[in-house]
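Chain residues, written in single-letter form:
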Amino acid sequence: MGKIKKNDLLKMKFLSNLSISPDNKYLAVSVSQVDSETKGYESNIHIYDIEQNKWGQYTGSGLDNSFIWDMNLPIIYINSLRDVKDKEKRKNGYEISSIYQLDLFKGEAIKKYIIPKNIKSFKQISEFKFIFSADYVLGTKDFYLLSNEEKELEVKKRKDKDGYEIIENLPFWENGSGFIHNTITKIYTYDAENDKIKNISDILGNDIDVYDFQLDPTKSKVVVIYGTKLGKMDLKNKLAIIDIENKKVILDYTDKKYNISSAFMFDENNLIVSAAAMEKYGINENPKFYKVNFDTLDFECLNSDFDMSLWNSVGTDIRLYSSENLKQINSKLYFISTVGYSSNIFELDLKGNLKQLTNNAGSVDEYVITDKGIFFIGLRNMVPQEIYRVSDSEEKISNFNDYIAEKREIIYPNHFCVKDSDNYSIDYWVMKPYKFKADKKYPLILDIHGGPKTVYGEVYYHEMQYWAAEGFAVLFCNPRGSDGKGDEFADIRGEYGKVDYDNIMLCLNQAIKTNTFIDTDKMYVTGGSYGGFMTNWIIGHTDIFKAAATQRSISSWTSMYGTTDIGYYFATDQTASDPWNSYDKMWSQSPMKFYNNIKTPTLIVHSDQDYRCWLSEALQLFTSLKHNDVDSKLVIFKNENHELTRSGRPDNRIKNLEEITEWFKKYL
């Protein structure tokens, strides 16, 4: 077997949208891979026959990532712009979606419905009725209500505005989407028999923005999580239940005590929400599950003893898409939670009884619950995504990425723990280099995760595997601020650059003591987002690293506050300060304050459409380093955003990895 190569990323299969047929006989999954012609990704639907234990590819358009099963038949509805004319219309500004129907027993998908809206997500209500979400431009007449002539005029009007932007709402842009200040999401029904669209969410207000919607078991009601963007976006979401047929509001919860992230209606007496008051731990506070009293709207907590997040926060650079985490099945809720440094599936009943259904190291990315067991897309045993079946034990049932395990030598990290000064247990890992020899010294790369409320775990991470293959040892850790150990552990508000920095340096020092093969004269540091912030902070406080590579980083909380999509609430919450009343506190937690101390040669990587940590963060670092005669280099990726290393253009992801690796090798 050979070593991991950087271009192995181009051969990987990325799995998403795992779903089960109504009769529990077939699994469907979207399999994405690199499209060398478009320099993007293509996605096709693969079907697994559970009884026959057999896989097959069922579509080949390369455009099939959004789909649902028909509620009664082995038929799949695909939201896909396959037709060249449809693509051209969307490109020219028309709102259009094409729904294709794929019969598992009749061959290729056929175009079934054309809907004059850009559908984001959709669900089936009945045989010929669907509910979907789509964007709407504030101050305009909804596109589907326009005549053909009016549509042409509206498209022309929108194009005429391409040369300027008039902003009245906050946030004004969003990472991965661009300017969104005048765009909200609404929900609609589509009557396929009569080719009619009806707006559902306007009953709550013409300007409300829908964040999530779920059908009740009878499919006659929809539970809506919503807010507003007018002026300034709400930080605490509202909740409503709407009778679909009569377009009548049954319940509307607008109290600002809780931020509601999801809601599920089981019957007329049982409404369960996940929500957080955000009073004790701020915006990163883990939500709890609550039963809502329909009459009084009081909240009764169902899992007060479960102090963990309700999502998967295990990081990797080989997960392309994600789907719904919380699911309502019969009388129970299912969700993924990150505990320690692994994510697994949990079950909650209406009495608050909590049960963990999977319990292995790694990551559960998506799942379905069936009468034939649990199926999930996961990262297990240090290999890329595969599909697993759980009955009495876990069994891998797919072979999409077998070539990695069969043809490449994967480096398994060694896990360690160390106690910090507050007696918290801090997890860290060391990966030995490819073809490791005990009597040899090796350079070390310290890799810091983003978030900060995420975790590193024992999963395949391509950049780390590549660095190990290139002769580096790799150190990664989960300092204070990380997920997986409760709210208190994750809460570093007002302490950025203090307890987290101390934890990271503690792990580094312990790793050096425990792994004597580390060459302390050849150590390097890198990280992205929060990891980029911490890289900037570290090189402003120590000179022990030979070189640094900071990616999509934060340089100054004061500039991040006013320029990014989340800055105005994230920066103030996380630093426990603001630019007016407590400027010194915000500035003291900013790496920019210490840039005059930097002597470490530094590579800066950023994307020009990164609205999470805007380009200004990279520019001020580069200017400071050059002003102080520090060897530095700035790489700006065009038409990429904050997700460059996860879902960016494949060739750009490879280029990013090359730049970092060669920068470190330059200082070997």
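Above this text sits the structure in question.
None of these values were measured; they are calculated from a predicted model.

1. A word on the state of the cysteines
For step 1, the next point in the chain: On inspection of all chains with the given rule, the structure shows zero disulfides.
For step 2, the next point in the chain: Of all cysteine sulfurs, the one in Cys507 lies closest to Cys477, which takes part in no disulfide; the gap is 4.2 Å.
For step 3, the next point in the chain: Looking at Cys477, the relative accessible area reads 4%, which means it is buried.

2. Observations concerning the packing of helix H6 (residues 499–514) against helix H7 (residues 530–539)
For step 1, the next point in the chain: Interaxial distance between H6 and H7 falls to 11 Å at its minimum, and their mutual angle equals 80°. Viewed along their axes, H6 and H7 adopt a mutual orientation that is roughly perpendicular. Facing Asp500, Tyr501 and Ile504 of H6, the residues of H7 in contact are Tyr530, Met534, Trp537 and Ile538.

3. A short note on the packing of helix H4 (residues 462–469) against helix H13 (residues 650–666)
For step 1, the next point in the chain: Taken N-terminus to C-terminus, the directions of H4 and H13 make an angle of 40°; their axes are 11 Å apart at the nearest point. With respect to H13, the element H4 is oriented oblique. Crossing geometry of H4 relative to H13 is assigned as right-handed. Taking contact as the criterion, the partners of His462, Glu463, Tyr466 and Trp467 in H4 are, on H13, Leu657, Ile660 and Thr661.
For step 2, the next point in the chain: Partitioned by chemical class, the residues of the contact of H4 with H13 number four nonpolar, two polar and one charged.

4. Structural notes on the packing of aromatic side chains
For step 1, the next point in the chain: If you walk through the whole model with that rule in mind, you get 46 aromatic pairs.
For step 2, the next point in the chain: With 5.2 Å between their ring centres and 80° between their planes, Tyr77 and Phe130 make a pair best called edge-to-face. Of this pair, Tyr77 sits in strand E6 (residues 75–79) while Phe130 sits in strand E10 (residues 129–137), placing them 53 residues apart in sequence.
For step 3, the next point in the chain: Arranged with centres 6.1 Å apart and planes meeting at 90°, the rings of Tyr94 and Phe143 form a pair that is edge-to-face. Here Tyr94, found in the loop between helix H1 (84–91) and strand E7 (97–103), pairs with Phe143, found in the loop between E10 and helix H2 (148–160); they are 49 residues apart in sequence, far enough to count as distant.
For step 4, the next point in the chain: Counting every residue linked through ring pairs, the aromatic cluster contains Tyr496, Tyr530, Phe533, Trp537, Trp557, Phe570 and Phe594.
For step 5, the next point in the chain: Here the guanidinium or amino end of Lys123 rests over the ring plane of Phe213, the centre of that ring lying 5.4 Å away.
For step 6, the next point in the chain: Cation over ring: Lys186 sits above Tyr136, and NZ or CZ is 3.7 Å from the ring centre.

5. Structural notes on the pairing of strand E21 (residues 288–292)
The two faces of the sheet receive side chains in turn, since in a regular strand these alternate between them.
For step 1, the next point in the chain: For E21, the buried fraction is high: four of the five residues fall into the buried class.
For step 2, the next point in the chain: Sheet analysis places strand E20 (residues 270–276) next to E21, joined by five bridges and oriented antiparallel. By the bridge assignment for E21, Val273 is matched with Tyr290.
For step 3, the next point in the chain: Where E21 lies against strand E22 (residues 299–301), three bridges are found, and the strand directions are antiparallel. Looking at the pairing, Tyr290 lines up with Cys301 of E22.
For step 4, the next point in the chain: Where E21 folds back on E22, the antiparallel hairpin that results is connected by six residues, among which Leu297 adopts a positive phi of roughly 60°.

6. Some words on the environment of Ala468
For step 1, the next point in the chain: Following the sequence through the fold, Ala468 ends up in helix H4.
For step 2, the next point in the chain: The exposure class assigned to Ala468 is buried, which follows from its relative accessible area of 0%.
For step 3, the next point in the chain: It is 7.3 Å that separates the C-alpha atoms of Ala468 and Ile411, two residues lying 57 residues apart in sequence.
For step 4, the next point in the chain: For Ala468, the residues in contact, after removing those within four places along its chain, are Ile411, Met431, Lys432, Pro433, Tyr434 and Val474.

7. What to know about the nonpolar core
For step 1, the next point in the chain: Judged by nonpolar contacts, the single largest core of 56 residues is most densely connected at Tyr428, Met534, Ile538 and Trp557.
For step 2, the next point in the chain: Per-element accounting of this core gives the leading share, seven residues, to H6.
For step 3, the next point in the chain: The contact partners of Trp557, leaving out residues within four places of it in the chain, are Tyr496, Phe533, Phe570, Ala571, Gln574, Thr575, Met586, Gln589 and Ser590.
For step 4, the next point in the chain: Grouped together as the second largest cluster of nonpolar side chains are 30 residues, Ile4, Met12, Phe376 and Ile654 included.

8. So, the pairing of strand E18 (residues 248–253)
For step 1, the next point in the chain: One ladder, built from five bridges, connects strand E17 (residues 238–243) with E18; its direction is antiparallel. Counterpart to Ile241 in the pairing with E18 is Leu251.

9. Some remarks on helix H11 (residues 616–627)
For step 1, the next point in the chain: Between its first and last C-alpha atoms H11 spans 16 Å; for twelve residues at 1.5 Å apiece the expected length is 16 Å, and the two agree.
For step 2, the next point in the chain: On its buried side, H11 packs onto H7, strand E36 (547–551), helix H8 (557–563), strand E37 (602–607) and strand E38 (632–637).
For step 3, the next point in the chain: Positive phi shows up at Asp629, right after H11, with a value of about 60°.

10. Quick notes on the environment of Ser16
For step 1, the next point in the chain: If you trace the backbone, Ser16 turns up in strand E1 (residues 14–20).
For step 2, the next point in the chain: You can call Ser16 buried: its relative accessible area is 2%.
For step 3, the next point in the chain: Along the chain, Ser16 and Val31 lie 15 residues apart, while their C-alpha atoms are 6.7 Å from each other.
For step 4, the next point in the chain: If sequence neighbours within four positions are ignored, Ser16 has contacts with Val29, Ser30, Asn65, Tyr321, Glu366 and Ile377.

11. Quick notes on the sheet that holds strand E24 (residues 332–339)
For step 1, the next point in the chain: Strand order in the open sheet formed by four strands is E23-E24-E25-E26, with antiparallel pairing between adjacent strands. Sheet topology places strand E23 (327–329) and strand E26 (354–356) at the edges, where each strand pairs with a single neighbour. Pairwise comparison of adjacent strand axes, ignoring direction, gives a mean angle of 35° for this sheet.
For step 2, the next point in the chain: With three bridges connecting them, E23 and E24 associate as antiparallel partners. Paired with Lys327 across the bridge in E24 is Tyr334.

12. Some details on the environment of Gly567
For step 1, the next point in the chain: Counting through the fold element by element, Gly567 comes out in helix H9 (residues 567–575).
For step 2, the next point in the chain: Judged by its relative accessible area of 0%, Gly567 falls in the buried class.
For step 3, the next point in the chain: Taking C-alpha positions, Gly567 is 9.6 Å from Tyr611, a pair spaced 44 residues apart along the chain.
For step 4, the next point in the chain: Dropping the residues within four chain positions of it, Gly567 is found in contact with Met560, Tyr561 and Thr572.

13. Thoughts on H6
For step 1, the next point in the chain: Between its terminal C-alpha atoms H6 stretches 22 Å, which fits the 22 Å expected from 16 residues at 1.5 Å a residue.
For step 2, the next point in the chain: Among all positions in H6, only Val499, Asp500, Tyr501, Asn503, Ile504, Met505, Cys507, Leu508 and Ala511 are buried.
For step 3, the next point in the chain: Looking at the packing, one finds that the buried side of H6 touches strand E31 (414–419), strand E32 (425–431), strand E33 (442–448), strand E34 (473–478), strand E35 (518–528) and H7.

14. Section: the sheet that holds E17
For step 1, the next point in the chain: Strands sit in the order E15-E16-E17-E18 across an open sheet of four strands; the sheet is antiparallel. Of all the strands in the sheet, the pair left with one neighbour each is strand E15 (208–215) and E18. Sheet twist, expressed as the mean angle between neighbouring strand axes with direction ignored, is 25°.

15. Section: the pattern of salt bridges
Side chains carrying opposite charge are able to pair once their charged atoms draw close together.
For step 1, the next point in the chain: As enumerated under the stated definition, the model contains 37 salt bridges in all.
For step 2, the next point in the chain: Residues Lys111 and Asp86 are paired through a salt bridge, measuring 2.8 Å at the closest nitrogen-oxygen approach. Within this pair, whereas Lys111 is found in strand E8 (residues 110–115), its partner Asp86 is found in helix H1, the two being separated by 25 residues in sequence.
For step 3, the next point in the chain: Taking the relative accessible area as the measure of exposure, Lys111 reaches 32% and is therefore partly exposed.
For step 4, the next point in the chain: Between Lys453 and Asp487 there is a salt bridge; the shortest N-O distance is 3.9 Å. Highlighted residues: Lys453 in the loop between E33 and H4 and Asp487 in helix H5 (residues 487–490), separated in sequence by 34 residues.
For step 5, the next point in the chain: Via salt bridges that share partners, Glu95, Lys117, Asp142, Glu154 and Arg158 belong to a single interconnected network.

Reading guide: rules and limits
- Per chain, residues are indexed from 1 in the order of the written sequence.
- This being a predicted model, a pLDDT of at least 70 is required before a residue's local features are given, and a value of 80 or more before pairs of side-chain atoms are given or counted; all residues contribute to the totals for chains, interfaces and linings.
- Water and hydrogen atoms play no part in the side-chain values, which are based on all heavy atoms of the structure.
- Note on disulfides: each one is a pair of cysteine sulfur atoms within 2.5 Å.
- Under the scheme applied here, a residue whose accessible area is under 20% of the maximum for its type counts as buried, over 50% as exposed, and between as partly exposed, the area being computed with a 1.4 Å probe on protein chains only.
- Under this scheme, a helix contributes an axis fitted over its contacting stretch, all axes are lines through C-alpha atoms, and angles between N-to-C directions fall in the 0 to 180 degree range.
- Labels follow the DSSP assignment, with helices taken as runs of H or I lasting at least four residues and strands as runs of E lasting at least two, numbered in each case from the N terminus.
- Small angles under 35 degrees read as roughly parallel and large ones over 145 as roughly antiparallel, with 65 to 115 read as roughly perpendicular and the rest as oblique.
- By the convention used here, residues are in contact when the closest approach between their heavy atoms is within 4.5 Å.
- By the definition used in this description, the sense in which the near helix is turned from the far one sets the handedness, with an anticlockwise turn below a right angle giving left-handed and a clockwise turn giving right-handed.
- Under this grouping Gly is polar, as are all residues other than the nonpolar Ala, Val, Leu, Ile, Met, Phe, Trp, Tyr, Cys and Pro and the charged Asp, Glu, Lys and Arg.
- Only Phe, Tyr and Trp rings take part, Trp by its six-membered ring, and two of them pair if their centres are within 6.5 Å. Stacked means planes under 30 degrees apart, edge-to-face means over 60, and tilted covers everything else.
- As a reminder, the over-ring test applies to NZ of lysine and CZ of arginine, requiring each to be within 6 Å of the ring centre and within 35 degrees of the ring normal.
- Note: two strands are recorded as paired if DSSP finds a minimum of 2 bridges between them.
- In plain words, nonpolar cores are sets of buried Ala, Val, Leu, Ile, Met, Phe, Trp, Tyr and Cys residues tied together by side-chain atoms within 4.5 Å.
- Any helix carries an expected span of 1.5 Å times its number of residues minus one.
- When a carboxyl oxygen of Asp or Glu is within 4 Å of a side-chain nitrogen of Lys or Arg, the pair counts as a salt bridge.

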